[in-house]
Amino acid sequence: MKLLERITSPDPSVRNLSFDSWADGQPENELLAEAVRLESFRRESQNLYDRVRALIFLATLHRFQLGAAATGTALIPYGAVEHIRARRFDQAVSELLALQQRHGASPALSSALAAAYRGLAFQTLADQVRRSVREFSGNRWMFRAGHVFDYPLRLHPDLLAGDSHPVLHETTPVRMDLTHSAWSDIFFLAMDYPEGARVINISVDLAVRGSGASPRPPVESFCRVIDEPVIRLVSVDLGASADIASLDELFDFARDYLGLLKAAVIASGLIPSGLEGSGQPLPTVLERLTGRPGLGIEIVSQVNDIPKGSRFAVSTNLLACLIAVCMRATRQIRSLTGPLDEEDRRIVAARAILGEWLGGSGGGWQDSGGVWPGVKLIAAEAASEGDPEFGISRGRLLPRHRLLDEVTPEARRRLEESLVLVHGGMSQDVGPILEMCTERYLLRSGREWEGRREAVALLDQLAAALQAGDIKRLGQLTQSNYDGPIQTIIPWAGNAYTERLIAACRAEFGDEFWGFWMLGGMSGGGMGFVFDPAAKPRALARMPEILATAKRSMETSFPFAVEPVVYDFSVNDRGSTAELRTEGDAILSVPYYLLRAPALLRTEPRLLPAAQRAELIRFARVHRDQTDTLFDRMMPRDDSPVTVAGASLQDILTENGFDAAAHELLRAEYRARRVGLAQNRLPASTVIEDVRREHVGPAVDTHETIGRQALRDGKLAMVTMAGGAGSRWTKGAGVVKALHPFHRFNRHYFSFLDIQARKAAAARLPHIVTASYLTAGPILASGARVSRGRSIGLRMIPTVADLRYLWEVMPQQQLDAQKQKVRESGRASLLNWVVQTGEASDYLDNLPSQCVHPVGHWYELPNLLRNGTLKQLLDERPALQYLFLHNIDTLGAEVSAAALGQHIAGGAAMTVEVIGRQFEDHGGGLALVNGRPRLVEGLCLPNEEIEFSLSYYNTGSYWITIDALLKAFGLTRATLGEECAVHAAVRRMAHRMPSYITIKEVKKRWGRGQEDIFPVAQFERLWGDMTALEELPCAYAEVPRRRGQQLKDVSQLDAWVRDGSAADIERLLRTE
Amino acid sequence: MKRKAVITAAGPGQRHLLHQTLATPDNRRPSIGDFLLELLGDSVGEAAIVIPAGATAHFEQLFGHAKIAVRLIEQNEPRGYAHALLQARDFVGDSSFIHLVGDHFYLANQGDSRSLVDELVQLHEAEKCSVSAVSPTREALLLYFGAVGGPALRPNVFHVETVLEKPTPTEAERSLHAAGIRQGHYLCFFGIHVFTPGLMSILAESTENSLSTALQTLARRERYLAAIIPGRRFDIGSKYGLLQAQLALGLRGADRDEILTMMLELTAR
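Since this is a predicted model, take the numbers as computed values, not measurements.

Some points on the domain arrangement of chain A
Residue and element names in this part refer to chain A.
And step 1. What the domain assignment reports for chain A is domain 1 (3-135), domain 2 (143-165 + 219-303 + 314-362), domain 3 (597-634) and domain 4 (646-799 + 839-1071).
And step 2. Measuring from the centre of the C-alpha atoms in domain 1 to the corresponding centre in domain 4 gives 35 Å.
And step 3. With 11 residues of domain 1 in contact, the opposing surface of domain 4 contributes 12 residues.
And step 4. Those elements that place two or more of their residues in the side of domain 1 that touches domain 4 are α5 (48-69), α6 (78-85) and α8 (107-135).
And step 5. For the side of domain 1 that touches domain 4, the leading source of residues is α8, giving five residues.
And step 6. Considered class by class, the residues forming the side of domain 1 that touches domain 4 number nine nonpolar, one polar and one charged.

Take a look at the structure:
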């Protein structure tokens, strides 16, 4: 049974056959023939999900099977790259297939086809979800109301009654999922496989333990009329507020921290989507809404102390809470106060999905579960006639919620007595996991598909245990869910930190620890630990310490966002509910006034509008106990972060040999635009061509013999570069990527460094790890032999010109329409930030370690000379002649006798390993520059088109002859001991190397786990530029892709496992 | 058999509405009250007008010369529309009755000689059930009207299953389905109904003062239809409603060009 039949067969047992069981091991011609059938099927099929499955089959076929089997050499046409970047996936496919027809299949073409098919599959799915959300009954009108005369809503009269405007207050619990049946709440998945999409989730109230508060609904919102014709948005928890005076401002989501409130205002219909770009004045719309000129609306959000990444879907439930309050105020929900009825909850949930789409975020369909009370089973439903999804997908967009009344109060009480809820402190992006999950589902990959079925079956057992109040059994089941299906499907849902916590609980509580409960999409943030009720008080007392100890030991290798916390919790039996505060009670929350009142109190009381004065009087009457807190808020504080950052920043700079004079010079040059992104590029007159076959030497059998001998003679050392901050791996979180235990092999977690060290040990080689200010301490503590960095740079605020160049001139992958809109609005704010902060000024407003940067890997090898590591090594091993230098994340890089032999036989000073270019390889490559072969960085190519005409990409792995390198530096083994000579040599060489300005992303953490990402400018020098030196003869060797590819992004992990790279390492570790 | 009709005009601000006059193309100036009685035509023998408490003298003057018998019924307390209609319970007795709201001005489509009320009465007689005239109305105006939803029996005639008073478009989209109606439009009450006496019983039992709630009950208890009738209605109680009604009436006659020219002049200034 070939692939197409696995899509079209009416027999589920055929449809559920895995992709791999046919595709693995097929010859190229069979694979191509099947690709042709699938391509023609996906173009003709009327069924959305059949099309998507065919697209994912095609993407996988090209990415893995054809990518490995194809023998052609055709390169990727730049036109196709541009189509993919602009999300014109179909056009890209056509262009690539036409080329494949003419020149035959090649790994490069297949890689681009894989990207285009994958992009098209996810675009098709996302478009369908968007259509379904817009077509959901009750949402459609909002897209039609395009003029103020079409505006159909009126404010509830009770909100306009009385002298002081009444306050409508909504509170909503958050949801905790007992099981999501292996992420079955992903829209794509539930709409294709409704029978497998089931979730049990529980609405809970929370309080951070130790805060003195009792559990209460974690999210709240307020809505009231104000005497100004604006929409005032206030986020109490983020400390942000804005008076929105125009529609354009309202639809500008990423302009400030109020994107979620804006999405709620729009998704609730208060200001319907159709009004976007209509040019209507907002005060006129507000006049129609309130029935009076000069009035506006204030909407306030408040999260009660729950840090981000809690896995309780706080943001979705806050969105739902805001939507509910706005819908009540505009009479779209029948009852102004009290709980919601089922119909109202459904429309609020549908609007929350719409709001998430508007705001460019997205969650699963169970996330708004807090709107419902108690324990509920949420299950997808098959689409039937009359549904917008009917005939398109098998399932409906919105699931059905059934309250599990059979879970008795006694069972709930037992649950409350056993479960300890915590936030482990990590806040991670679940996005890549959800995409992996969708792909694996569509491919029905053997073990993963089995895991999914197991997870679906587990739900019934969990429900039964909960109904029986058998919490011990429940704990065992949640633990086996985590150990089994969850990590079988997505190994990265678990992590070493979580494992350590589980082990600590087991060790300390033995049989009294009943099991671990993963909440949400992945572990590390919100988590549950189930204990014998007798042990729970002890567990509550001990968990803070267990969490803190584990965090302390791993915080350099894991991106922790907040300090871990333990919660008190209770099951919420009301769901989202509202009250109306009138007359003397018409005030908002204390935190609201702590945020807003200081500004009002600085105004002369007689100048305050009467309503505000009256409100402050009411607040003062009710909350006189807040005087101290208010006083503190009003007085200036002496803990200015800049001073603190500045002081310790200076320490870091001094300790790491910061060259202030050189920095001043660079900053002046940058400010004067003499250096910058545009200036990185080589002159347009430079002739850059692809190398010819003869420039890349193949390894031959005799090389292996030479290499073996050299290894036996102890002529080689391995140098692993680990000075970088791994910006892409953690999106600028500033952790030591080398130490991140990113994958589990044979039940144990291994970090990048563990793997590289094992490889060096297996080959019995001396192993040096080069490190920077950021990574040296932790790497040293791990026991590795470290070459300390001696160079550091201070980050700068980029120039507007550079940011525009980055976003407008340099190639960018366009996002889905709404996400792109949000991205552009965010970029506009960043440009404002740059102007306000000062272009090309020093970046100081962050933790000191986030203000400095490593200055590029060029320095890592010269640092070996400067800090004496190489001399020491040569003293220890005089026979040493060669170095194998590679990046920490080039996991396939290993010492191969053939490669070493090839380097020795070639006689070059340095041999560079290159791989055949594929679609995802960006950043330069091997080229003939003015007739001479050398590596060129992507940064300096005059245009991007050239990059795709280069056949080879640099792997960042180099074989180096030590004496030849020293010679190029003007040194010898003898002069290595002369510090001054070495410093002068390195400085001389550094001056000959180009400095590139790059823009990197850096995270700034604030509040309760909130994160902002800022672009910062830094300079770097890159080792590849050594190949441009006349006096350093270089050779180039093509190596297999698995050996040369680097793991830069978490989203690459899935492909890294699928292409067999992980298995290679597992074999290596097992052999050892 | 001559039927009875009930016109409600007891709402706040309605004291003077029926007295308002409109200029007709044949240069008459009948009052809204006259228009309403005229609309009832020959099929109605007697009409009751429910008016605010203490307004009998004010209205007697208006209906003193009516062709049909007019009975003025005062609503002693201002307890809403449904309560106002219930005041006519004794008047209608056990018979079906025609009901018109007094703050609307009705206009048959130009060139259509059929009487709007007769059309509805005929349907009532054929189907032996309550019938309400409805008009497809765009969603932005939902907040002014009651609206119905239900399956179509035949073109322009619907079996009412749901009645909502001034729904939001959100509610309307979810609950008021009617086949063949343009997207974003809903079947809103036209202001003319023929009710069975069963409605009066429901109103008497109901604790809510909402006609729509009573009609929802009616739809559950009895067969209840809605029909799109060929005409337009103007809510003369709303801002510029009377002006709109006057313009619509004027533009149908020989003075059309004159009115358009006048409007253009006003616009140009």
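Anyway, onward from the coordinates.
A short note on unusual backbone geometry
Residues and elements named next belong to chain A.
And step 1. Even without glycine at this site, Glu-583 takes up a positive phi of about 45 degrees.
And step 2. Assignment of secondary structure puts Glu-583 in the loop between β15 (577-581) and α21 (590-601).
And step 3. Phi at Arg-673 takes a positive value of approximately 65 degrees, unusual for a residue other than glycine.
And step 4. Here Arg-673 is to be found in the loop between α25 (660-671) and β16 (688-689).

Comments concerning the pairing of strand β21 (residues 767-770) of chain A
Residue and element names in this part refer to chain A.
And step 1. Inspection of the sheet shows strand β18 (residues 716-721) paired to β21 by four bridges, in the parallel sense. Along β21, the bridge assignment pairs Val-719 with Ile-768.
And step 2. Sheet analysis places β21 next to strand β22 (residues 786-787), joined by two bridges and oriented parallel. Its bridge partner being in β22, Val-769 is matched across the sheet by Val-786.

Thoughts on the confidence of the model for chain A
Residues and elements named next belong to chain A.
And step 1. Looking at chain A, the pLDDT average stands at 90 and 99% of residues meet or exceed 70.
And step 2. Looking at the elements of chain A, mean pLDDT is at its lowest for helix α24 (residues 641-655), recorded as 65, and at its highest for strand β1 (residues 167-172), recorded as 98.
And step 3. Scored below 50 in pLDDT, residues 640-647 shows nine contacts in the model against residues more than four places distant or in partner chains.

Quick notes on the domain arrangement of chain B
Residues and elements named next belong to chain B.
And step 1. Per the domain assignment, the segments of chain B are domain 1 (1-107) and domain 2 (119-230).
And step 2. Computed from C-alpha coordinates alone, the two centres of domain 1 and domain 2 are separated by 21 Å.
And step 3. When its residues are assigned to classes, the side of domain 1 that touches domain 2 shows 10 nonpolar, seven polar and four charged.

About the thresholds
Residues numbered from 1 in each chain as written. Chains lettered and ligands numbered in written order. Predicted model: local features only at pLDDT ≥ 70, side-chain atom pairs only at ≥ 80, totals over all residues. Domains from an automatic or database assignment. Contact = placed C-beta atoms within 7 Å. Helix = DSSP H or I, 4+ residues; strand = E, 2+ residues; numbered from the N terminus. Nonpolar A, V, L, I, M, F, W, Y, C, P; charged D, E, K, R; others polar. Pairing = 2+ DSSP bridges. pLDDT = per-residue confidence, 0-100.

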